[in-house]
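Structural overview
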Amino acid sequence: MAIWQYLLIVVPEKSIQNDYQCIFKNNTTEYLPETEPFWKDFDGDTISIISTMDSIIKRADWEDETCICWKGDTKNEEDNDCSISLNEDKNQIIEFRFRIDLRKASNLTTTLQPILKLCEDNQLILMDLKGEIHKPKIEDLMASIKTSNATAFLTDPIPFLENLNNKKKTSFKTILIPILILMTFILIKILGF
């Protein structure tokens, strides 16, 4: 995940209980929590959801039969992506997440808003990395976007990186990854890729 991307996890609205934050609190891995249990009773049109995503972001070439991926134009600061994982029968969603590139404001209108419409039409809601639940409305997401690491980095990268370094429990990996991403971003800009 690039530091300028804002990630949202999608789950069916009717599967979320008041204790949804336990998804994040009980997650003992370094990875995002599993959301498969939330999809077990989803009766929406999986094929229609995938087809609509095809109209929003171009399909990636690294997908397989049970993991469908989309990837935007990274050279044009449209590093938006999405992935939907399906069960073995390929008829039921078991995971759905997407990331929006915050470097370019037009990504909010050309990519985020159509995805939010897709979510609204299918009674899906969103979870940010802090475990907060959001309705699929841009106005409901703005506070989360404004306080995200992606926005903090894009607003002022040096203090953001220094803040990571100053945290008491910061691991070497946590510091190194954003620095490598920043260096890659700078090289891409310098080399004109």
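Shown above is the structure to which this text applies.
On a predicted model such as this, the values are computed, not experimentally measured, just so you know. (Residues numbered from 1 in each chain as written. Predicted model: local features only at pLDDT ≥ 70, side-chain atom pairs only at ≥ 80, totals over all residues. Heavy atoms only, no water.)

1. Focus on the pattern of salt bridges
A side chain with one charge can pair with a side chain of the opposite charge if their charged atoms come near. What counts, and what does not: Whenever Lys or Arg places a side-chain nitrogen within 4 Å of a carboxyl oxygen from Asp or Glu, that contact is recorded as a salt bridge. A run of DSSP states H or I qualifies as a helix once it reaches four residues; a run of E qualifies as a strand once it reaches two. Both are numbered from the N-terminal end. Exposure classes here rest on a 1.4 Å probe applied to the protein chains alone. A residue is buried below 20% of its type maximum, exposed above 50%, and partly exposed in between.
Applying the stated criterion to the full structure yields 11 salt bridges. Two residues, Asp 43 and Lys 14, come together in a salt bridge whose shortest N-O distance is 3.7 Å. Of this pair, Asp 43 sits in the loop between helix H2 (36-39) and helix H3 (46-56) while Lys 14 sits in the loop between strand E1 (5-12) and helix H1 (22-25), and the two are 29 residues apart along the sequence. Take Asp 43: its relative accessible area is 63%, and that puts it in the exposed class. Here Lys 14 falls in the exposed class, since its relative accessible area comes to 61%. Across the pair Glu 120 and Lys 137 runs a salt bridge whose closest N-O atoms are separated by 2.8 Å. Of this pair, Glu 120 sits in helix H4 (residues 106-121) while Lys 137 sits in the loop between strand E6 (133-134) and helix H5 (138-146), and the two are 17 residues apart along the sequence.

2. Regarding the nonpolar core
To keep things clear, this is the line we draw: For our purposes a nonpolar core is just a set of buried Ala, Val, Leu, Ile, Met, Phe, Trp, Tyr and Cys residues, chained together by side-chain atoms within 4.5 Å. In this analysis, two residues are considered to be in contact whenever any of their non-hydrogen atoms come within 4.5 Å of each other.
Residues Met 53, Ile 84, Phe 96 and Phe 98 are the most contacted members of the largest nonpolar core, which totals 37 residues. A per-element tally of this core places E1 first, with six residues. If we ignore the near neighbours within four places in the chain, the residues touching Phe 96 are Ile 9, Val 10, Trp 39, Ile 49, Met 53, Cys 82, Ser 83, Ile 84, Leu 118 and Leu 124. By size, the runner-up hydrophobic cluster in this structure holds nine residues, among which are Trp 4, Phe 153, Phe 160 and Ile 181.

3. Quick notes on the pairing of E1
Along any regular strand, the residues point their side chains to alternate faces of the sheet. Rules: Note on pairing: two strands pair once DSSP finds at least 2 bridges between them.
Burial analysis of E1 places eight of its eight residues in the buried class, the great majority of the element. Burial of the side chains of E1 extends over both faces: Gln 5, Leu 7, Ile 9 and Val 11 are buried on one face and Tyr 6, Leu 8, Val 10 and Pro 12 on the other. Bridge count for E1 against strand E4 (residues 93-101) is five bridges, and the pairing is antiparallel. By the bridge assignment for E4, Leu 8 is matched with Phe 98. One ladder, built from four bridges, connects E1 with strand E5 (residues 124-127); its direction is antiparallel. Within the sheet, the bridge partner assigned to Val 11 lies in E5 and is Ile 125.

4. As for H4
Three or four residues apart is the spacing at which side chains of an α-helix point the same way, because the helix has 3.6 residues per turn. The test is simple: The span expected for a helix works out to 1.5 Å for each residue beyond the first. Bend, in this description, refers to the angle at a residue between axes fitted to the seven residues ending there and the seven starting there.
Compared with an ideal rise of 1.5 Å per residue, which puts 16 residues at 22 Å, H4 spans 22 Å between its outermost C-alpha atoms and is within 8% of the ideal. Where H4 bends most, at Leu 112, the angle is about 35°, and the proline Pro 114 comes one to four residues later. Within H4, the full set of buried residues consists of Asn 107, Thr 111, Leu 112, Ile 115, Leu 116, Leu 118 and Cys 119. Against the buried residues of H4 lie E1, H3, E4, E5 and H5. Looking one or two residues beyond H4, the residue adopting positive phi is Gln 123, at roughly 55°.

5. With respect to H5
The test is simple: Summarising the geometry, the arc corresponds to the directions from the helix axis toward the C-beta atoms.
For H5, the complete set of buried residues consists of Leu 141, Ser 144 and Ile 145. The arc enclosing the buried residues of H5, seen along the axis, measures out at 100°, which places them on a common side. Among the exposed residues of H5, those oriented more than 90 degrees off its buried face are Glu 139, Ala 143 and Lys 146. Of the surrounding secondary structure, the elements contacted by the buried residues of H5 are E1, H4, E5, E6 and helix H6 (149-155).

6. Brief notes about the packing of H4 against H5
Which entries qualify depends on this criterion: Each axis is a line fitted through C-alpha atoms, and for a helix only the stretch in contact is used; angles between axes span 0 to 180 degrees, taken between their N-to-C directions. Every angle not falling under 35 degrees, over 145, or within 65 to 115 is termed oblique; those three ranges are roughly parallel, roughly antiparallel and roughly perpendicular. Crossings are sorted by hand: turned counterclockwise from the far helix by less than a right angle, the near helix makes the crossing left-handed, and turned clockwise it makes it right-handed.
Two elements in contact, H4 and H5, have axes whose closest approach is 11 Å; the angle formed by their N-to-C orientations is 120°. Classified by the angle between their axes, H4 and H5 sit oblique to one another. Both H4 and H5 take part in a crossing whose hand is right-handed. Of the residues in H5, those in contact with Leu 108, Leu 112, Gln 113 and Leu 116 of H4 are Ile 138, Leu 141 and Ile 145.

7. Description of the sheet that holds E1
Spatial strand order, E2-E3-E4-E1-E5-E6: six strands in an open sheet with antiparallel pairing. Where the open sheet ends on each side, the last strands, each with one partner, are strand E2 (67-71) and E6. Relative to strand E3 (residues 81-86), E2 runs antiparallel, the two sharing five bridges. Residue pairing in the sheet places Ile 68 in a bridge with Ile 84 of E3. H3 contacts E2, E3, E4 and E5 of the sheet and is inclined by roughly 160° relative to E3. Along the sheet, H5 contacts E1, E5 and E6; its crossing angle with E1, the most-contacted strand, is approximately 135°.

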